[in-house]
Amino acid sequence: MAFTARHLLGIESLSKDDILTILDLAEHYVTLNRQPNKHSNALAGLTQINMFFEASTRTQASFELAGKRLGADVMNMAMQASSIKKGETLIDTALTLNAMHPDLLVVRHPHSGAVNLLAEKVNCAVLNAGDGRHEHPTQALLDALTIRRAKGRLQRLSIAICGDIAHSRVARSNILLLGKMENRIRLIGPRTLMPSGIREFGVEVFDNMREGLKDVDVVMMLRLQRERMDGAFIPSTREYYHRWGLDAEKLALAKPDAIVMHPGPMNRGVEIDGTIADDINRSVIQEQVEMGVAVRMAAMDLLARNLRSAPQEEIMA
Amino acid sequence: MSTLFTNARLIDPEMGREVTGALLVTDGAIAAILPEGDKLPKAAQTIDCNGKVLAPGIVDIGVKIGEPGERHKESFRSAGLAAAAGGVTTMITRADTIPPIDTPETLAFVLERARDQALVRIHPLAALTKGRQGREMTEIGFLLDAGAVGFSDGDAVTSDNRVLARCLTYAGALGALVIGHVQDPGLSNGAAVTSGKFASLRGLPAVSPLAERMGLERDLALLEMTGARYHADQITTAAALGPLKRAKAAGLDVTAGVSIHHLTLNEFDVGDYRTFFKVKPPLRSEGDRMAVVQAVADGLIDIICSMHTPQDEESKRLPFEEAASGAVALETLLPAALRLVHAGALDMPALFRALSLNPARRLGLPGGRLGVGAPADLVLFDPDKPFVLDRFRLRSKSRNTPFDGHRMQGRVLGTWVGGKRVFAWGKDDVA
C-alpha cells in the first residue's frame, strides 16, 4: 500500500497499488469537501507553487483550491506572461523557484517531457498538471475515481475514449491507467487523430463510432482543439460532429446505464450534444470536476508525506 | 625522413584483407608494405605497434564545425584535436554554418582557418543553394575551383523539385558531387522521433520511417532525369534500402552513407526524454538498425560517418521538442564502430572500407587506403581495450555525446597525417 514516489509525473510509473492508494485517500477528501468546514492541515506550513506555462482555468483552480483546503500557502504563477517571454530557459526558471524553497510544484507545460526535465532540477515534489501530449495524471486519476463511484468498480469495464487521441495527454494517461486496472479500452476517432503504433497499447481502435460504442459502460469524450478543426486533420466541425460527435442516437448503442464523461471545457455541438452533457442521468461531467479537487488533495497529501519522511540529505542533493 | 611501423595488424580495405607485418613511410607517403618475415629496411624512426591494428585514417563526411558563427560550440582547432584523437585524418566539413558556406569568399575563410588551426586534413562542402534556401543555386563552378569537394544544403531540404533538378543538372555537367539529406521535408517538419509506440507513449511529434524512402525516391528520380553524381548522407531505414539497391543496379551514380549513431543506437535509447539522443533523422527501430548494419556489411551502404554535430549544453537542456538535434562523434566514431566488429557484423577490412576507403574514393581524395604511394594518413589502435566514456574528457568544445557512461571497446593509440604524428594516447600534448 505504500506510495513512495517523490513526484507525480505520469501514470506510466504508478503501480496498481499506487493508484488505489491515491483513490482511497481521495474518497476521504470527497467526504471532507462536502462538509461545511472543508479545512485540513495536511499541508500546513508547506508552500505550493502553481506554474502554468499554458493557459488553464479549471485545472489551476482545482489545484489551488486543493492546496488551500489542505492548509498550504499557495502561489500561482502565470508563466506565459513572465520570464519565459524574456528568454529565460525552463531550467533557469526552475532553479530560481527552487531557491524560494517550495515544497510542491504544480507544473503545466506545452511540451512533452518538460515537467520531467524540471523535476530533475528541483528539490521539491513536482506534480505534472499536463505536459504537451504526454501525460495528465491527475485527470486520469479523477476520471478513475468518477468511474469507480458511478460503476462500483474500476475493472472489467468496457470504456470508449472518443475524439482527438493523437494530441491528447488526457487520453494517454487514461489508456495507461485504465489498462493497468484491467479494463477493455476502445479508441474511437478519425484516423488523422490517432497516434502511431496505438494498437500496441493493448486497445481496440474503431473508425466507426457506432460500432465502437456498442455495449460500452463508459463513454469518455475528448475536447477537439480549435486548431485541429479547420481542414488539416478533419474537413469541418459539422462533418466531425456528424461522424464522431456524441448524440442521443449514438449513445443509445452503449449500455443503458453507460455514463458520459468529458474532461472539459466542452465544445457543445462539436464533440458532444449539449443535451447529453446536461443529462444528469447520464453525464458525470460535474462529478468529474468535484473529484478533481479531491484527487489532487490526495496526491499532494501523499507526496507531502513522502517529502517529510525522506532523509534530509536526499532532499538537499 | 622515414618511419617504420613494425609488428602491426595492417588493415587493407582495398584488397579486403588483413596482414601482419610492417609498413614503411617515407616523405609522408606509404613506401612499402612488408608482410611478416620480409627483411625490414632501415628507417630514421621505428614504431613498434605491439600487434595492434594499423589502418588507413578515417575520412569523415559531414563534420559540423561552428566556424563561422558558432565558434563557442566547436572551432577548427577543437574539432581537429577531437578528430586526431578519434583516428579521423580527413574531415569533410559541412556548409550549414552561420552564415552558410555558399560563396567562394566564405569558403576561402574556412580553408584559411582550417590550414591555420586544424591538425588534420580538411576538405569543405559548400551549400547547393544560396543561403540553403532552396531557391537559387550557388556558384558551383567557382566553389569547385576554390576547393569544395561536394555540395549540400544539409537538413534544409528543398521541396521545390524544379530548383533541385536544375541544381543537379548544373552540378552534373561540372562533375560536382551533390549530397542529399533524404528526408521528405513536409513529413519531417517538426518531428522529434520516429513514429510508433514509443513516440506515442512519450507524446512526441513523430515522423514515419517512410519519409526517408520518399525523400530518397524523389532524389533518385531526379538523378535519373539529370545524371548527376549523388550521395545520400544517411540511409537509416530498411524501407529505403530497396530503392537504393535498384538505383545502383540501374547504374545511377549514387552512393549512400549512415551515421554511427543509427548503426549502434535505436529509438528506445531516447528513454526519458534524453536530448543527447535527439539526432536527424531521428533514431529508428531496432529492426531498421539491424537492416542498416547488414546493408553496410553487404556494401549497399558505402560510407559510415560521424555526422558530428556539436551543440552546447544550453541547446540541449530544453524540453525534447525544443532541444537542438545532433551529437558529437569524432572521438567516439571508431570505438562505437568497433562494436559492429566485436558483434561479428563486420570484419576489420569491411569497416575501413566504409570509414576510409569509400569516402576517399567518392570524393576523389588520395587517402583512405593502405597502399604504396598513398599518403601516410594512419590510425593505430587497440581494438580490444575497454574503457568507460566520460564526456567531460572529450576534446570537442561541445560534449553532447549519447555514449556518456557507455562501456566502449577500442582505443586510438596514435594518429598520423601525411606521416606526421598528430595524436599519441597517454600524452597530454600533441606532437
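A brief look at the structure comes next. (Residues numbered from 1 in each chain as written. Chains lettered and ligands numbered in written order. Predicted model: local features only at pLDDT ≥ 70, side-chain atom pairs only at ≥ 80, totals over all residues. Heavy atoms only, no water.)

**Digging into the overall build of chain B**
For clarity, the threshold we go by: Comment: elements are numbered from the N terminus, with helices defined as DSSP H or I runs of at least four residues and strands as E runs of at least two. Each radius of gyration reported is based on C-alpha atoms, and the globular scaling rule is 2.2 Å times the count of residues to the power 0.38. Each residue is assigned to one of three classes by its accessible area relative to the maximum for its type, calculated with a 1.4 Å probe on protein chains only: buried under 20%, partly exposed between the two thresholds, exposed over 50%. Each accessible area is a Shrake-Rupley estimate made with a 1.4 Å probe; only the visible protein chains count as cover when residues are assessed. Here the positive residues are Lys and Arg and the negative ones are Asp and Glu; neither His nor the chain ends is included. Charge placement uses NZ in Lys and CZ in Arg. For Asp and Glu, CG and CD serve respectively.
Counting its regular elements, chain B contains 13 helices and 18 strands. At 21 Å, chain B has a C-alpha radius of gyration in line with the 22 Å of a compact globule built from 431 residues. Expressed along its principal axes, the backbone C-alpha trace of chain B runs to roughly 60 × 50 × 40 Å. The buried share of chain B, taken over its 431 residues, is 61%. Looking at chain B as shown, the accessible area adds up to about 16,000 Å², and 49% of this sits on carbon and sulfur atoms. Taken together, the 49 basic and 50 acidic charged side chains of chain B have centroids lying 2 Å from each other.

**Side note on the overall build of chain A**
The test is simple: Whether two residues are in contact is decided by their heavy atoms, any of which lying within 4.5 Å being enough.
Check the secondary structure of chain A and you find twelve helices and nine strands. For chain A, the C-alpha radius of gyration of 19 Å lies close to 20 Å, the compact-globule estimate for 317 residues. Taken along the three principal axes of its C-alpha coordinates, chain A extends 55 × 45 × 35 Å. Put simply, chain A has 317 residues, and 59% of those count as buried. Long-range pairs, those at least 24 residues apart, make up 74% of the contacts in chain A with a sequence separation of at least 6. With the model as given, the accessible surface of chain A reaches about 13,200 Å², and the carbon-plus-sulfur share is 50%. Mean positive and mean negative side-chain charge positions of chain A (38 and 38 charges, respectively) differ by 3 Å.

**Details of the interface of chain A and chain B**
Heads up, the condition is: Buried area is a sum: the accessible area each of two parts loses on coming together, probed at 1.4 Å, counted once for each and added. Just to be clear on terms, a salt bridge is a Lys or Arg side-chain nitrogen sitting within 4 Å of an Asp or Glu carboxyl oxygen. We define a polar contact as two N or O atoms separated by no more than 3.5 Å, with the added condition that, inside protein, one atom must be a possible hydrogen donor and the other a possible acceptor, whereas residues neighbouring each other in sequence contribute only through side-chain atom pairs. Residues are grouped as follows: Ala, Val, Leu, Ile, Met, Phe, Trp, Tyr, Cys and Pro are nonpolar; Asp, Glu, Lys and Arg are charged; every other residue, Gly included, is polar.
Listed as interface residues are 20 residues of chain A and, on the opposing side, 17 residues of chain B. The junction of chain A with chain B conceals about 1,700 Å² of combined surface from both sides, 56% of it contributed by carbon and sulfur atoms. Across the pair Arg202(B) and Glu12(A) runs a salt bridge, and its minimum N-O distance is 3.0 Å. In this structure, the connection of chain A to chain B is made through ten residue pairs in polar contact (both at pLDDT 80 or more). Looking at the side of chain A that touches chain B, the element that brings in the most residues is helix 4 (residues 114-119) of chain A, giving three residues. Of the residues belonging to the side of chain A that touches chain B, the class tally is seven nonpolar, eight polar and five charged.

**Let's talk about empty space enclosed by the protein**
The following threshold applies: Cavities and pockets are found on a 1 Å grid laid over the protein atoms alone: a cavity is a set of points where a 1.4 Å probe fits but cannot escape, a pocket is an open set with protein on both sides within 12 Å along at least five of seven lines, and a lining residue has an atom within 4 Å of such a point. Grid points are joined across faces, edges and corners, and a volume is the space filled by probe spheres set on the points.
This structure, assessed with the given rule, holds five cavities of 30 Å³ or more. Looking at the largest cavity, it is lined by 17 residues, and the ones nearest its centre are Leu128(B), Leu164(B), Ile179(B), Gly180(B) and His181(B). Of all the elements in the fold, those that place two or more residues in the lining of the largest cavity are helix 4 (161-174), strand 10 (177-180) and helix 7 (210-226) of chain B. Ranked by residue count, the leading element in the lining of the largest cavity is strand 10 of chain B, at three residues. Looking at the second largest cavity, the residues that line it are Ser112(A), Gly113(A), Ala114(A), Asn116(A), Leu117(A), Glu120(A), Asp272(B), Tyr273(B), Thr275(B), Leu318(B), Pro319(B) and Phe320(B). Residues of the lining of the second largest cavity, tallied by class, amount to six nonpolar, four polar and two charged.

**Topic: the nonpolar core**
Side chains of nonpolar character tend, in soluble globular proteins, to be buried together. Here is the rule we go by: To define a nonpolar core, start from buried Ala, Val, Leu, Ile, Met, Phe, Trp, Tyr and Cys residues and group those joined through side-chain atoms within 4.5 Å.
Ranked by internal contacts, the top residues of the largest apolar core, which has 104 residues, are Met91(B), Ile235(B), Ile304(B) and Phe352(B). Tallying contributions element by element places helix 12 (residues 333-342) of chain B first for this core, with seven residues. For Ile235(B), the residues in contact, after removing those within four places along its chain, are Val182(B), Glu212(B), Leu216(B), Ala240(B), Leu241(B), Leu244(B), Ala256(B), Gly257(B), Val258(B), Val292(B) and Ile301(B). Among the nonpolar cores identified, the runner-up in size contains 69 residues, and Phe63(A), Ile147(A), Met220(A) and Ala294(A) belong to it.

**Re the layout of surface pockets**
Its boundaries defined by the atoms lining it, the largest pocket holds a volume of some 870 Å³. If you trace the largest pocket, you find 36 residues lining it, with Arg108(A), Arg169(A), Gln225(A), Gly264(A) and Pro265(A) closest to the centre. Secondary-structure elements contributing two or more residues to the lining of the largest pocket are helix 2 (58-69), helix 5 (137-151), helix 6 (169-180) and helix 11 (285-309) of chain A. Per-class residue counts for the lining of the largest pocket are eleven nonpolar, 13 polar and twelve charged. Forming the walls of the second largest pocket are 30 residues, and the residues nearest its centre are Thr192(A), Met194(A), Pro195(A), Ser196(A) and Ala206(B). Every element with two or more residues in the lining of the second largest pocket is listed here: strand 7 (204-206) of chain A together with helix 5 (185-188), helix 6 (197-202) and strand 12 (206-207) of chain B. Split into classes, the residues belonging to the lining of the second largest pocket amount to 14 nonpolar, ten polar and six charged.

**Describing the sheet that holds strand 4 (residues 125-131) of chain A**
Residue and element names in this part refer to chain A. The test is simple: By the convention used here, strands pair only if DSSP detects at least 2 bridges between them. Only the stretch in contact is used when a helix axis is fitted, and all axes are lines through C-alpha atoms; the angle between N-to-C directions ranges over 0 to 180 degrees.
Spatially, the four strands line up as an open sheet ordered 2-1-3-4, and their pairing is parallel. At either margin of the open sheet sits one strand with a lone partner, and together these are strand 2 (73-78) and strand 4. Pairwise comparison of adjacent strand axes, ignoring direction, gives a mean angle of 15° for this sheet. Across the face of the sheet, helix 2 comes into contact with strand 1 (47-52), strand 2, strand 3 (104-109) and strand 4 while running at roughly 180° to strand 1.

**A short note on the environment of Ile61(B)**
All names here are of chain B. By the element assignment, Ile 61 lies in strand 6 (residues 58-63). A relative accessible area of 5% means that Ile 61 is categorised as buried. In this structure the C-alpha to C-alpha distance between Ile 61 and Ser 306, which are 245 residues apart in sequence, comes to 7.6 Å. Every residue in contact with Ile 61, bar those within four places of it in the chain, is listed here: Ile 92, Ile 179, Ile 303, Cys 305, Met 307, Pro 359 and Leu 363.

**As for helix 6 of chain A**
Residues and elements named next belong to chain A. Applicable threshold: An expected span of 1.5 Å times one less than the residue number is assigned to each helix.
Its twelve residues place the ends of helix 6 17 Å apart at the C-alpha level, agreeing with the 16 Å of an ideal helix rising 1.5 Å per residue. Along helix 6, the positions that sit buried rather than exposed are Arg 169, Val 170, Ala 171, Arg 172, Ser 173, Asn 174, Ile 175, Leu 176, Leu 177 and Leu 178. The backbone nitrogen of Val 170 has a side-chain oxygen 3.2 Å away, supplied by the residue at the start of helix 6, namely Ser 168.

**Details of helix 13 (residues 348-363) of chain B**
All names here are of chain B. Which entries qualify depends on this criterion: To obtain the bend at a residue, axes are fitted to the seven residues ending there and to the seven starting there, and the angle between these axes is taken.
Its 16 residues place the ends of helix 13 22 Å apart at the C-alpha level, agreeing with the 22 Å of an ideal helix rising 1.5 Å per residue. Maximal helix bending in helix 13 amounts to about 45°, located at Ala 354. Counting buried positions along helix 13 yields 14 of 16 residues, so the element is predominantly enclosed. For helix 13, the N-terminal capping position is held by Asp 347, with its side-chain oxygen 2.9 Å away from the main-chain nitrogen of Ala 350. Phi turns positive one or two residues past the end of helix 13, at Gly 364, with a value near 70°.

**Comments concerning the sheet that holds strand 8 (residues 218-221) of chain A**
Residue and element names in this part refer to chain A. In space, the five strands of this open sheet follow the order 7-6-5-8-9, with parallel pairing throughout. Each edge of the open sheet is held by one strand with a lone partner, namely strand 7 and strand 9 (259-261). Within the sheet, the average angular offset between the axes of one strand and its neighbour, ignoring direction, is 20°. Across three bridges, the pairing between strand 8 and strand 9 is parallel. Opposite Val 219, over in strand 9, you have Val 260 as the bridge partner.

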